[in-house]
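Observations on the three-dimensional arrangement
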Amino acid sequence: MTPVDPCPIADRQVCLATRDLARAVLRRLSVTAAGIEPRIKTIVATRTDNPVDYDLWRLHGSDGRLLLRFDLLKGPGVEWGKLAADVSLLVRLADLRNHPPGYYYVHSLPDPRDVAIPLPSNPRGLAPRELGPLR
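Calculation criteria
- Residues numbered from 1 in each chain as written.
- Predicted model: local features only at pLDDT ≥ 70, side-chain atom pairs only at ≥ 80, totals over all residues.
- Heavy atoms only, no water.
- Helix = DSSP H or I, 4+ residues; strand = E, 2+ residues; numbered from the N terminus.
- pLDDT = per-residue confidence, 0-100.
- Contact = heavy atoms within 4.5 Å.
- Phe/Tyr/Trp six-rings, centres within 6.5 Å; stacked < 30°, edge-to-face > 60°.
- Buried < 20%, exposed > 50% of the residue type's maximum accessible area, 1.4 Å probe, protein only.
- Lys NZ or Arg CZ within 6 Å of the ring centre and 35° of its normal.

Attention now moves to unusual backbone geometry. The backbone of Tyr-105 sits at a positive phi, close to 70°, despite the residue not being glycine. Structurally, the position occupied by Tyr-105 is in the loop between α2 (81-93) and β4 (107-108).

Structure follows, in C-alpha coordinates:
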(Lines give C-alpha, C1' and ligand atoms only; values in the text may rest on other atoms or scores of the structure.)
Protein backbone atom coordinates (compact mmCIF):
# COMPACT_ATOMS: atom_id res chain seq x y z
CA MET A 1 0.00 0.00 0.00
CA THR A 2 1.34 3.43 -0.95
CA PRO A 3 1.62 5.94 1.91
CA VAL A 4 -0.58 9.02 1.60
CA ASP A 5 1.36 12.15 0.67
CA PRO A 6 0.39 15.04 3.00
CA CYS A 7 0.90 17.64 0.25
CA PRO A 8 -2.18 18.96 -1.56
CA ILE A 9 -2.31 17.96 -5.23
CA ALA A 10 -1.56 21.55 -6.31
CA ASP A 11 1.66 21.58 -4.23
CA ARG A 12 2.80 18.02 -4.91
CA GLN A 13 5.58 18.93 -7.39
CA VAL A 14 6.95 21.62 -5.08
CA CYS A 15 6.87 19.22 -2.12
CA LEU A 16 8.70 16.52 -4.07
CA ALA A 17 11.35 18.97 -5.31
CA THR A 18 11.82 20.35 -1.78
CA ARG A 19 12.08 16.83 -0.41
CA ASP A 20 14.74 15.97 -3.03
CA LEU A 21 16.68 19.08 -2.03
CA ALA A 22 16.31 18.16 1.65
CA ARG A 23 17.62 14.66 0.88
CA ALA A 24 20.68 16.16 -0.87
CA VAL A 25 21.36 18.48 2.09
CA LEU A 26 20.96 15.51 4.45
CA ARG A 27 23.54 13.50 2.48
CA ARG A 28 26.00 16.40 2.60
CA LEU A 29 25.27 16.80 6.31
CA SER A 30 26.03 13.11 6.86
CA VAL A 31 29.34 13.31 5.01
CA THR A 32 30.38 16.46 6.88
CA ALA A 33 29.40 14.99 10.25
CA ALA A 34 31.21 11.70 9.54
CA GLY A 35 34.32 13.65 8.54
CA ILE A 36 34.36 15.45 11.89
CA GLU A 37 33.22 12.60 14.16
CA PRO A 38 32.15 9.25 12.66
CA ARG A 39 30.03 8.31 15.71
CA ILE A 40 27.52 11.15 15.13
CA LYS A 41 24.17 9.62 14.22
CA THR A 42 21.65 12.23 15.41
CA ILE A 43 22.02 16.00 15.45
CA VAL A 44 19.90 18.13 17.77
CA ALA A 45 19.65 21.83 16.97
CA THR A 46 17.88 24.67 18.70
CA ARG A 47 16.39 27.85 17.27
CA THR A 48 18.37 31.03 17.92
CA ASP A 49 16.96 34.48 18.64
CA ASN A 50 16.71 34.86 14.86
CA PRO A 51 13.70 32.60 14.09
CA VAL A 52 15.17 31.20 10.86
CA ASP A 53 18.57 30.21 12.24
CA TYR A 54 19.43 27.13 14.25
CA ASP A 55 22.53 26.35 16.29
CA LEU A 56 24.01 22.95 16.94
CA TRP A 57 23.17 21.89 20.46
CA ARG A 58 23.81 18.18 20.97
CA LEU A 59 25.25 15.29 18.98
CA HIS A 60 24.21 11.73 19.74
CA GLY A 61 25.47 8.27 18.77
CA SER A 62 23.33 5.49 17.28
CA ASP A 63 22.36 4.26 20.74
CA GLY A 64 21.11 7.71 21.76
CA ARG A 65 24.10 8.36 24.00
CA LEU A 66 25.22 11.99 24.15
CA LEU A 67 28.54 12.50 22.35
CA LEU A 68 28.89 16.27 22.57
CA ARG A 69 26.96 19.23 23.92
CA PHE A 70 27.69 22.72 22.68
CA ASP A 71 27.64 25.83 24.84
CA LEU A 72 24.87 27.83 23.19
CA LEU A 73 26.35 31.12 24.38
CA LYS A 74 29.70 30.45 22.68
CA GLY A 75 28.50 28.74 19.49
CA PRO A 76 29.88 25.57 17.99
CA GLY A 77 33.16 26.97 16.66
CA VAL A 78 34.65 27.40 13.21
CA GLU A 79 35.22 23.71 12.47
CA TRP A 80 31.49 23.06 12.89
CA GLY A 81 30.39 26.01 10.72
CA LYS A 82 29.55 24.03 7.58
CA LEU A 83 27.60 21.46 9.59
CA ALA A 84 25.66 24.19 11.42
CA ALA A 85 24.87 25.94 8.12
CA ASP A 86 23.53 22.72 6.57
CA VAL A 87 21.45 22.00 9.67
CA SER A 88 19.95 25.48 9.52
CA LEU A 89 19.17 25.09 5.79
CA LEU A 90 17.57 21.69 6.26
CA VAL A 91 15.38 22.90 9.13
CA ARG A 92 14.28 25.91 7.08
CA LEU A 93 13.27 23.58 4.23
CA ALA A 94 11.20 21.45 6.60
CA ASP A 95 7.77 22.93 7.13
CA LEU A 96 6.86 21.09 10.33
CA ARG A 97 3.50 22.82 10.66
CA ASN A 98 2.14 21.33 7.42
CA HIS A 99 4.04 18.06 7.10
CA PRO A 100 4.48 15.15 9.48
CA PRO A 101 7.75 14.80 11.40
CA GLY A 102 10.36 13.14 9.23
CA TYR A 103 8.78 14.09 5.89
CA TYR A 104 11.72 16.41 5.29
CA TYR A 105 14.02 14.30 7.51
CA VAL A 106 13.62 16.68 10.46
CA HIS A 107 11.76 15.77 13.66
CA SER A 108 10.33 18.19 16.19
CA LEU A 109 11.09 17.64 19.87
CA PRO A 110 8.96 18.41 22.95
CA ASP A 111 10.48 21.89 23.21
CA PRO A 112 9.21 23.74 20.09
CA ARG A 113 12.60 25.43 19.64
CA ASP A 114 14.40 22.12 19.18
CA VAL A 115 14.62 19.71 16.27
CA ALA A 116 16.42 16.41 15.74
CA ILE A 117 17.94 15.16 12.51
CA PRO A 118 18.74 11.44 12.47
CA LEU A 119 21.41 10.81 9.86
CA PRO A 120 20.84 8.12 7.21
CA SER A 121 23.62 6.05 8.75
CA ASN A 122 21.54 5.77 11.95
CA PRO A 123 19.57 2.52 11.65
CA ARG A 124 17.66 3.09 14.90
CA GLY A 125 16.39 6.60 14.20
CA LEU A 126 15.61 8.82 17.16
CA ALA A 127 16.04 7.71 20.73
CA PRO A 128 13.20 9.68 22.36
CA ARG A 129 14.19 9.09 25.98
CA GLU A 130 17.63 10.56 25.30
CA LEU A 131 16.53 13.44 23.08
CA GLY A 132 13.96 14.96 25.42
CA PRO A 133 14.35 18.44 26.94
CA LEU A 134 17.49 18.87 29.02
CA ARG A 135 17.52 22.63 29.46
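Now, onward.
A few words now on the confidence of the model for the protein chain. Averaged over every residue, the pLDDT of the protein chain is 81; the share at 70 or more is 84%. Within the model, pLDDT remains below 50 along residues 128-135, and this stretch shows 22 contacts once partners closer than five positions in the same chain are excluded.

By the definition in use, this model includes two aromatic pairs. Aromatic pair Phe-70 and Trp-80: ring centres 5.2 Å apart, planes at 80°, arrangement edge-to-face. Residue Phe-70 is located in the loop between β3 (66-69) and α2, and its partner Trp-80 is located in the loop between β3 and α2; the two are separated by ten residues in the primary sequence. With 4.9 Å between their ring centres and 85° between their planes, Tyr-103 and Tyr-104 make a pair best called edge-to-face. You'll find Tyr-103 and Tyr-104 in the same group, each marked buried. The residue whose ring lies beneath Arg-19 is Tyr-103, and the NZ or CZ to ring-centre distance is 4.8 Å. The aromatic ring of Trp-57 is capped on one face by Arg-58, whose charged end is 4.1 Å from the ring centroid.

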